[in-house]
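# Chains, contacts and geometry: an overview
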Amino acid sequence: MNPKGRLLIIGGKEDRDDDENREMEKKNCNFSPHEILKLLAQSKDDRIEVITAATSEPESMHEMYGKTFSEIGYSNFDFLDICDDREHSDYQLKRIKAAKSIFFTGGDQEKICDILKHSVLKDLLIDKYINEEGFTIAGTSAGAMCMPEIVILEAINGEAILENDIELAPGLGFMDNCIVDTHFVHRARFGRLAHAAILHPECWGIGLGEDTALLIEEGRHAICKGSGMVWLVNAENIAQTNVKTVKKGTPVYVENLKIHILTDNCKIDLKKGTFKGQ
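Residues numbered from 1 in each chain as written. Predicted model: local features only at pLDDT ≥ 70, side-chain atom pairs only at ≥ 80, totals over all residues. Heavy atoms only, no water.

### As for the sheet that holds strand β14 (residues 267–269)
One open sheet accounts for 9 strands, arranged β3-β2-β4-β5-β1-β10-β11-β14-β15; its pairing is mixed. Only two strands of the sheet have a single partner each, and these edge strands are β3 (77–80) and β15 (275–276). Where strand β1 (residues 6–10) and strand β5 (residues 136–140) come together, 5 bridges link them in parallel fashion. Within the sheet, the bridge partner assigned to Leu 8 lies in β5 and is Ala 138. Sheet contacts for helix α2 (residues 58–72): β2 (48–51), β3, β4 (101–104) and β5; angle to β3, the most-contacted strand, approximately 160°. (Pairing = 2+ DSSP bridges. Helix = DSSP H or I, 4+ residues; strand = E, 2+ residues; numbered from the N terminus. Contact = heavy atoms within 4.5 Å. Axes fitted to C-alpha atoms, helices over the stretch in contact; angles between N-to-C directions.)

### Considerations on a negative patch on the surface
Taken together, Asp 108, Glu 110, Glu 154 and Glu 167 make up a surface patch of like negative charges. Within the secondary structure, Glu 154 sits in strand β6 (residues 150–155). (Patch = residues over 30% accessible without salt bridge, like charges linked within 9 Å, V, L, I, M, F, W, Y side chains within 5 Å. Areas by Shrake-Rupley, 256 points an atom, 1.4 Å probe, with all protein chains shown as cover. Salt bridge = Lys/Arg side-chain N within 4 Å of Asp/Glu carboxyl O. Lys, Arg positive; Asp, Glu negative; His and termini not counted. Charge placed at Lys NZ, Arg CZ, Asp CG, Glu CD.)

### Thoughts on a nonpolar patch on the surface
Residues Val 185, Phe 190, Met 229, Ile 259 and Ile 261 make up a contiguous nonpolar surface patch of roughly 360 Å² in combined accessible area. Locating Met 229 in the fold gives a position in the loop between β11 (221–226) and β12 (230–234).

### Some points on the packing of helix α3 (residues 90–98) against helix α5 (residues 120–131)
Two elements in contact, α3 and α5, have axes separated by 10 Å at closest approach and are oriented at 10°. It follows from the interaxial angle that α3 and α5 lie roughly parallel. Along this stretch, α3 crosses α5, giving a crossing that reads as right-handed. Where α3 approaches α5, its residues Leu 93, Ile 96 and Lys 97 are matched on the opposing element by Val 120, Leu 121, Leu 124, Leu 125 and Lys 128. (Parallel < 35°, antiparallel > 145°, perpendicular 65-115°, else oblique. Left-handed = near helix turned anticlockwise from the far one by under 90°.)

Structure (structure tokens):
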């Protein structure tokens, strides 16, 4: 059964109430203020819960996103500062049950996964995502990386893909055929995402640019939004590679690794692999 909810995965530095994107706004004619965060809710009255589990500075997230959401016109939002893996309170669960959108802020993806991966709260989110029409789970930066079944915790951002330089772990499981990386171009993360995709050829590698997102409906129909690019790495039909035999510290090679690049309004079916341009 296809999920009735939506996923919104964001590459970081989406337009918000700070000065980090002003240079992008000047240079990129495709820049639209708050374009991505406006996708978070289908009505400005819908309840949005912001989960700050990834960050050690939740107060800064309160200030930044509180101002931005108010500028957009959202009138019904609040913050859940979940900071450990103890049994979540009835109060927290009640708030999640009432929410129409959940937004994970950036920070440390391992922290989000450690806190939520075995929790009742995560089970509730999955149930709402599968069964509730229009329910949205969104995340930016680390908040996007934690969503698949497999999450990248760490890897060397070097020129070569080296054996034993990547650490993968179980994620939250909202996506079953993707691995997500963020700040993709600005932080030169092609190598580590390609490595993850080569190790798991059943998964798309999704590299999200800054101020760029994929909105995914029915668990498969994805549309790119924002001022940058989304890179899709497909290792399904790779030919020659030494990834399973290479010695520690030795570069990995691969033949027939395929790349798609999406920009604003490009679409892809993540099950069939069919691509549609703007």
